Amino acid sequence: MLARFLLGFSHLVEELHMEPITEKSIGIDGQVFADRRVTERRRVLKGARLSFNKGYGAFECLVRNVSDSGARLTFGDTSAVPSQFDLLISGDDVARRATVRWRTMTALGVSFD
């Protein structure tokens, strides 16, 4: 039954595609506004570890996009993530100090200090 239901929507899935990250974004109200990022961001899907409290606290997350000045991180829940932490992205040699700039229930936008 579920398979038949999903097959009915397969044509919709084929039509969906990811738009590139552009210079403009669309707000909740539908208004287009300029992207305020200083550097271009790149889509990625990498694991990362954030640490805080002198290394005694830690969380794992996914990095969804990254630039030289910041990143978008996704979590199961962001409520326990502090406003500043050290972020080590898989494949990087050194952790970067990050500050939370925006927060939803499952994602964070951070800038690198």
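Residues numbered from 1 in each chain as written. Predicted model: local features only at pLDDT ≥ 70, side-chain atom pairs only at ≥ 80, totals over all residues. Heavy atoms only, no water.

**Observations concerning the confidence of the model for the protein chain**
The criterion, for reference: Note: pLDDT gives the predictor's confidence per residue, expressed from 0 to 100. Numbering of helices and strands runs from the N terminus, with a helix taken as a DSSP run of H or I at least four residues long and a strand as a DSSP run of E at least two residues long. We call two residues contacting when some pair of their heavy atoms lies within 4.5 Å.
Summing up the model confidence of the protein chain, the mean pLDDT is 79 and the portion of residues at 70 or higher is 66%. Ranking the elements of the protein chain by mean pLDDT puts helix α2 (residues 10-15) last with 43 and strand β6 (residues 84-89) first with 96. Scored below 50 in pLDDT, residues 1-7 makes zero contacts in the model with residues more than four places away or belonging to other chains. Predicted confidence is poor over residues 9-23, with pLDDT under 50, and the contacts of this stretch with residues over four places away or in other chains come to 10 contacts.

**Points about the pairing of strand β5 (residues 70-74)**
Using the following cut-off: Buried means the residue's accessible area, taken with a 1.4 Å probe over protein chains only, is under 20% of the maximum for its type, while exposed means over 50%, and partly exposed covers the values in between. Criterion used throughout: strands pair if DSSP finds at least two bridges between them.
Counting buried residues along β5, four of its five residues qualify, which places the element largely inside the surrounding structure. Note that strand β4 (residues 57-66) and β5 share four bridges and pair antiparallel. Bridge pairing in β5 links Val66 to Ala71. Across five bridges, the pairing between β5 and strand β8 (residues 107-112) is antiparallel. Bridge pairing in β8 places Leu73 opposite Leu108.

**Description of the packing of aromatic side chains**
Under the convention used in this document: To pair, rings of Phe, Tyr and Trp, with the six-membered ring standing in for Trp, must have centres within 6.5 Å; the planes then decide the type, stacked if under 30 degrees apart, edge-to-face if over 60, and tilted in the middle. A ring is considered to have a charge above it if a Lys NZ or an Arg CZ atom is located within 6 Å of its centre and within 35 degrees of its normal.
Under the definition given, this model contains one aromatic pair. For the pair Phe52 and Phe59, a centre-to-centre distance of 5.6 Å together with 25 degrees between the ring planes defines the contact as stacked. Classification of Phe59 by relative accessible area gives partly exposed; the value is 28%. The lysine or arginine in question, Arg96, covers the ring of Phe112, its NZ or CZ lying 4.2 Å from the ring centre.

**A short note on the pairing of β8**
Of all six residues in β8, six are buried, a share of seventy percent or more. Residues Ala107, Gly109 and Ser111 point to one face of β8 and Leu108, Val110 and Phe112 to the other, with burial holding for every one of them. Two strands pair when backbone bridges link them, and strand β7 (residues 96-103) and β8 are joined in this way by five bridges, in the antiparallel orientation. Its bridge partner being in β8, Arg103 is matched across the sheet by Leu108. Adjacent in sequence and paired antiparallel, β7 and β8 are bridged by three residues.

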